Amino acid sequence: MASSAALRELQRDLESQANALSKLQKDIAKNHRVRKQYTIQLGENELVLKELELLNENANVYKLIGPVLVKQDLAEAKANVRKRIEYISAELKRLDGTLQDLEDRQNNKKDSIVKLQQKIQTLQAGKAKP
């Protein structure tokens, strides 16, 4: 009877570990989606900066604010784009750190699940013997 209770307890623990692993995998997938968005934005902003670098100092630059195009100073436009690139790069670095942490936690969770499964198999094998 004691081994039966221990087996049920291990199975409950295994189920909770599996649910935690599933949540970690969803968090990793979300991190990948957000990272992909930031990577696209970074590419777009780098392209905009290259285009701005090609312009003459006296060129007209306009910024879309709502439905209106507003004239903007070229130096200010370049500074804004550089600032955006800095921000996006920092966010990508932060997301990389978070992803590494999530993957480490996922690997640890997988290891603990394997150990629990082995314990359950050992208990079941011991129970099967007369």
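Conventions used here
- Residues numbered from 1 in each chain as written.
- Predicted model: local features only at pLDDT ≥ 70, side-chain atom pairs only at ≥ 80, totals over all residues.
- Heavy atoms only, no water.
- pLDDT = per-residue confidence, 0-100.
- Helix = DSSP H or I, 4+ residues; strand = E, 2+ residues; numbered from the N terminus.
- Core = buried A, V, L, I, M, F, W, Y, C linked by side-chain atoms within 4.5 Å.
- Buried < 20%, exposed > 50% of the residue type's maximum accessible area, 1.4 Å probe, protein only.
- Contact = heavy atoms within 4.5 Å.
- Salt bridge = Lys/Arg side-chain N within 4 Å of Asp/Glu carboxyl O.

Chemist: Explain the confidence of the model for the protein to me, and be specific about the residues and the numbers.
Modeler: When pLDDT is averaged along the protein, the result is 92; 95% of the residues meet or exceed 70. Looking at the elements of the protein, mean pLDDT is at its lowest for helix α2 (residues 74–128), recorded as 92, and at its highest for strand β2 (residues 68–72), recorded as 95.

Chemist: Go over the nonpolar core with me, naming the residues and quoting the values.
Modeler: Judged by nonpolar contacts, Y38, L42, L49, L52, V61, L74, A77, V81, I85, I88, L92 and L95 together constitute the single largest core of 12 residues. Mapped by element, the contributors of at least two residues to this core are α1 (2–54) and α2. Per-element tally for this core: the top contributor is α2, with 7 residues. When neighbours within four sequence positions are excluded, L92 is seen to be in contact with R35, Y38, T39 and L42. Counting 7 residues, the second-largest nonpolar core is a separate cluster that includes L7, I113, L116 and I120.

Chemist: Go over the pattern of salt bridges with me, naming the residues and quoting the values.
Modeler: Tallied over the full model, the rule gives 7 salt bridges. Notably, a salt bridge pairs R12 with E9, separated by 3.0 Å at the nearest N-O pair. Residue R12 and its partner E9 are located together in helix α1, separated by 3 residues, close to a single helical turn. Here R12 falls in the partly exposed class, since its relative accessible area comes to 48%. Judged by relative accessible area, E9 falls into the partly exposed class, the value being 47%. Measuring nitrogen to oxygen at the nearest pair gives 2.9 Å for the salt bridge that ties R94 to E91. Here E91 and R94 lie together in helix α2, a separation of 3 residues that amounts to about one turn. Given the relative accessible area of 46%, R94 is considered partly exposed. With relative accessibility at 15%, the residue E91 sits in the buried group. By sharing partners, the salt bridges in this structure join E53, K78 and R82 into a single network.

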